[in-house]
Amino acid sequence: MDLSFVLDGLWTALQPINLLWLILGAFLGTIVGILPGLGPATGVAVLIPLTFGMEPVSALILMAAIYYGALFGGSRSSILINTPGDGSSIAATFDGYPMTKNGQAGQAMSIAAIASLIGGVMAIFGFIFLAIPLANFALNFGPAEYLFLFFFALSAVVALSIGNMVKGFITMFLGLGISTIGIDLQTGVHRHTFDIPHFTEGISFVVIIIGIYAIGEVLYNMFANKQPKDVDGKSIGSKWFTKDQWKRSIAPIVRSGPIGFFLGVLPGSGGTISSLLAYSTERQISKNKKQFGKGAVEGLVAPESANSSAAVGSLIPMLTMAIPGSATTAVMLGALVMIGITPGPLLFENSPDLVWTLINSMFIGNIILVIINIAMVGVLVKILKTPPRVLYPIVLILSFIGAYTLGYSTIDFYILIFAGVLGLFMRLLDYPIVPLILALIVGGEMEQNLRRSLVIYDQPVDMLFASPITIVLALLTLLSFSYPLLIKLVKRKRSTNKDTPAST
C-alpha cells in the first residue's frame, strides 16, 4: 500500500466539487431509502443521467454515496412505521419498531446510524487490506457452495422461531413455493402463472415485503382495534441513546460487521441475507433472548452494522472482477462502463488514484451520513405525532406508489393487497414472517444452484463433499437447527435438577 496514493486519494475526495457530490449523494440516498419500494438500485438507476459528462471519479463517488446512503435511510421507515425501505431493512423492523412503540424512536434512529457508521468503517478497512484476496476466495464458490450457503441462511432464520419452528418451516416452504412462480429457466415451462403474462417474470419480493409489513401493519392496527398510542408511541423519547444502550451494542456491532462484509463479497448474497443472518446469530448467542422482538437494542444494531458492511463488501467483486455483488452494483457496473471506467483486476494497478479516492470518500461519506441522519431525527420522529387517520393513508399511498414503480403494472396492486392480507393473518396466528421473506429472496437462486450441482455431481451426496466450504456450511446448518433445541434441553435439565430435592 503506497502512502502517496492514499494521501492523493484523500486530497481528491476533499475537493469541493467531489464533496458536493458526496453530500448530495448521501442526502438523496437517504431519501430514496426512506421511501418504500425504491431502494438503492432504483436510486442509482434514476440518477445515472446525472453522471453523464461528470469526471469518472466524481460519478463513482456520487453513485457509491447514493448506494450506502439508501441503506442508512432504509432503516428510518422500518423503525418509525414498520415499513422497510427495501429488503435489506427488514431486520430493522424486528426491534426498531418495538423501540418506537416503547417511546425510544429517537434513540433507535441515532444508535442505528452509529451502528451503520461503525459497520461501514470496519468494512472499509477490510476493503483496504482484503479486497484482492477476498475476491479470489469468492471465485471458489460454485453451485454447491452457494446452495449450502443458502441452506445455512435459511436454517439460521428458521431457528429464530423458537417454540414455533414448525410454523417457521411452514412459512419457509410457502416462500420457496412463491419463488417458483414464473418461467422455468431450464425447460421454459410456465409455472403457476395462471396465464397472467406479468407472472412469467416471477413475483418481486419487494412487493411482498411492502405488502406484508406496510399493508399488513395498517390492517392489523385496524382489525385489532389498536389504540393510537401504539402507532405514535408513548413519547418520542431522547434523540440520543443511553450509556447502557451503547454498552449493550458494542459487541453486537463488532461481531456483525465482519458477517456483513464477508457475505457482501459473495455475489448474490447481499444486505438482506447478511442482516438477517447477523440478527439470528446475535439472538442465538444473546443472554437476553426473550427481549428480542420487544425492543432489544442488540437486535437493531446487529443487522444495521451487517447491512452497512455488506454494501462496502459488495463493491469488491464489482471493482476487482467486474462481477456485480448485488442489484445495485450491477447498475453501477453498467454506468461505470458507460463513463469510461473498466472494472477488473487491472483497475487497482492502472487507476490506484481512482480506487483510493473512492475509499477515502466512503470514510467521509459515512461520517456525513451519520450527521445527516441524526440531524433528521427531530424531523422524522414528528411522523409519530401524525394521527392514525392521516398516517395510515400516507403509508398506503407510499406503498402503492412504491409497488407500482417496481414494474409499472397494476397487477402488483393485487399482489400487494394479497401480501397485506397474508401479513395480517400471519400476525394474528403468530406465524413468523422472516422465513417466508428470506425463502422468497433466495428460492430462485437455490433452485438454479441445486440443478447445476446435480448436473456436475453424479450423486447428491457428492455435493456435500464438493469442497471444505460445503462441509463447513453443512455443519453450520446442522448446528443452527440443533442449537435452539440443545439450549432448550439444557434449560429443562437444569430446571429438573433444581426441582429435585437434594439427598441427605
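Residues numbered from 1 in each chain as written. Predicted model: local features only at pLDDT ≥ 70, side-chain atom pairs only at ≥ 80, totals over all residues. Heavy atoms only, no water.

Another aspect to go through is the confidence of the model for the protein chain. On average, residues of the protein chain score 80 in pLDDT, and 87% of them are at 70 or above. Counting contacts from residues 227–235, a segment whose pLDDT is below 50, to residues more than four positions away or on other chains yields 17 contacts. (pLDDT = per-residue confidence, 0-100. Contact = heavy atoms within 4.5 Å.)

Right, let's get into the pattern of salt bridges. Counted according to the given criterion, the structure contains five salt bridges. Arginine 248 is the partner of aspartate 244 in a salt bridge, and the nearest nitrogen-oxygen pair spans 3.7 Å. Pair noted here: aspartate 244 and arginine 248 are both in helix 12 (residues 243–265), with a separation of four residues, about one helical turn. Accessibility expressed as a relative area gives 45% for aspartate 244, which makes it partly exposed. On the basis of relative accessibility, which here comes to 27%, the residue arginine 248 falls in the partly exposed class. Across the salt bridge formed by glutamate 282 and arginine 255, the nearest N and O atoms sit 2.4 Å from each other. On the criterion of sequence distance, the pair formed by glutamate 282 in helix 13 (residues 270–285) and arginine 255 in helix 12 is long-range, its members being 27 residues apart. Residue classification places glutamate 282 among the buried residues on the basis of a relative accessible area of 4%. What you see here is one network of salt bridges that share partners, running through Arg191, Glu447 and Arg451. (Salt bridge = Lys/Arg side-chain N within 4 Å of Asp/Glu carboxyl O. Helix = DSSP H or I, 4+ residues; strand = E, 2+ residues; numbered from the N terminus. Buried < 20%, exposed > 50% of the residue type's maximum accessible area, 1.4 Å probe, protein only.)

Turning our attention to the packing of aromatic side chains. Scanning all chains against the criterion turns up ten aromatic pairs. An aromatic cluster is defined as three or more aromatic residues linked by ring pairs; in this entry it consists of Phe94, Tyr279 and Phe292. In this arrangement the basic side chain of lysine 167 is found over the ring face of tyrosine 431, its NZ or CZ atom lying 5.0 Å from the centre. Looking at arginine 427, its charged tip hangs above the ring of tyrosine 220, at a distance of 3.8 Å from the centre. (Phe/Tyr/Trp six-rings, centres within 6.5 Å; stacked < 30°, edge-to-face > 60°. Lys NZ or Arg CZ within 6 Å of the ring centre and 35° of its normal.)

Before going further, it helps to spend a moment on the environment of aspartate 95. By secondary structure assignment, the location of aspartate 95 is in helix 6 (residues 91–101). The spacing of aspartate 95 and glutamine 291 is 196 residues in sequence and 9.0 Å in space, taken between C-alpha atoms. Sequence-distant contacts of aspartate 95, that is, excluding residues within four places in its chain, are made with Tyr279, Gln291, Phe292, Gly293, Lys294, Gly295, Ala296, Gly299 and Leu300. In terms of polar contacts, aspartate 95 uses its side chain to reach the side chain of tyrosine 279, at 2.9 Å. (Polar contact = N/O pair within 3.5 Å; in protein donor to acceptor, adjacent residues only side chain to side chain.)

What follows is about the packing of helix 10 (residues 205–223) against helix 22 (residues 434–456). It is the contact of helix 10 with helix 22, at a shortest axis distance of 10 Å, that shows an interaxial angle of 165°. As far as their axial angle goes, helix 22 and helix 10 are roughly antiparallel. The interaxial crossing formed by helix 10 with helix 22 has right-handed handedness. Of the residues in helix 22, those touching helix 10 at Phe205, Ile208, Ile209, Ile212 and Tyr213 are Val434, Leu436, Ile437, Leu440 and Ile441. (Axes fitted to C-alpha atoms, helices over the stretch in contact; angles between N-to-C directions. Parallel < 35°, antiparallel > 145°, perpendicular 65-115°, else oblique. Left-handed = near helix turned anticlockwise from the far one by under 90°.)

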